[in-house]
Amino acid sequence: KGAHQTLSGSVSNYTPEAHPALVAMRCVINKRPFKFAAGLLHIEAVKLLRPGVIALSTRMVSRD
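Each chain has its residues counted from 1, running along the sequence as written. With the structure being a predicted model, the display of local features is reserved for residues of pLDDT at least 70 and the display and counting of side-chain atom pairs for 80 or more, all residues being used for whole-chain, interface and lining totals. Note: side-chain values were computed over all heavy atoms of the structure, leaving out hydrogens and water.

A. View of the overall build of the protein. From N to C terminus, the protein includes three helices and two strands. Helix and strand assignments come from DSSP, with helices taken as H or I runs of at least 4 residues and strands as E runs of at least 2, each series counted from the N terminus. When the helices and strands of the protein are listed from N to C terminus, the series reads β-β-α-α-α. Between two residues, a contact is recorded if the distance between any of their heavy atoms is within 4.5 Å. Across the protein, contacts joining residues at least 24 apart in sequence account for 41% of those joining residues at least 6 apart. Reported accessibility uses the Shrake-Rupley method at a 1.4 Å probe radius. Residues are deemed covered only where the shown protein chains occlude them. Accessible area of the protein: about 5,100 Å², with a carbon and sulfur share of 62%.

B. Layout of the confidence of the model for the protein. Per-residue confidence from the predictor is reported as pLDDT, a score between 0 and 100. Per-residue pLDDT for the protein averages 77, and the proportion of residues at 70 or more is 80%. For the protein, strand E1 (residues 3–5) is the element with the lowest average pLDDT, namely 53, and helix H1 (residues 18–29) is the one with the highest, namely 86.

C. Broad picture of helix H2 (residues 40–49). Residues of H2 that are buried include every one of His42, Ile43 and Val46, and no others. Buried positions in H2, seen along its axis, are confined to an arc of 100° and lie on one side of it. With respect to the buried face of H2, the exposed residues turned more than 90 degrees away are Leu40, Leu41 and Leu48. The rule is simple: take the accessible area with a 1.4 Å probe, protein chains only, and divide by the maximum for that residue type; under 20% is buried, over 50% is exposed, in between is partly exposed. Of all possible arcs, the one meant is that of the directions from the helix axis to the C-beta atoms.

D. Summary view of the nonpolar core. Judged by nonpolar contacts, Val23, Ala24, Cys27, Ala37, Leu56 and Val61 together constitute the single largest core of six residues. The element contributing the most residues to this core is H1, with three residues. When sequence neighbours within four positions are dropped, the list of residues in contact with Ala37 reads Val23, His42, Ile43, Leu56 and Val61. Buried Ala, Val, Leu, Ile, Met, Phe, Trp, Tyr and Cys residues that are joined via side-chain atoms within 4.5 Å together make up what is termed a nonpolar core.

E. Focus on H1. In a helix, the anticipated span is given by 1.5 Å times the number of residues less one. With 12 residues, H1 should cover 16 Å at 1.5 Å per step; its first-to-last C-alpha distance of 16 Å lies within 8% of that length. All buried positions along H1 are accounted for by His19, Pro20, Val23, Ala24 and Cys27. Projection of H1 onto a plane perpendicular to its axis shows the buried side chains occupying an angular sector of 130°, all on one side. In H1, the exposed positions angled more than 90 degrees off the buried face are occupied by Leu22, Val28 and Ile29. Tucked into the core, H1 has its buried residues touching H2 and helix H3 (58–63). Phi for Lys31, located one or two positions after H1, is positive at around 55°.

Put into structure tokens, the structure is as follows:
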């Protein structure tokens, strides 16, 4: 349950701990502030891919 195929073809399991860590890495790599994670478009995209997921706050992302 919760397994998804990644773009590289490997299988990835969603975890609440990995989500903010991945978003933090995405922000750093793309030189975006952590507040990007709390943006409406990001939240809607995440909910589309993972219904029922808790939206991340800036604080949740910056802890990782």
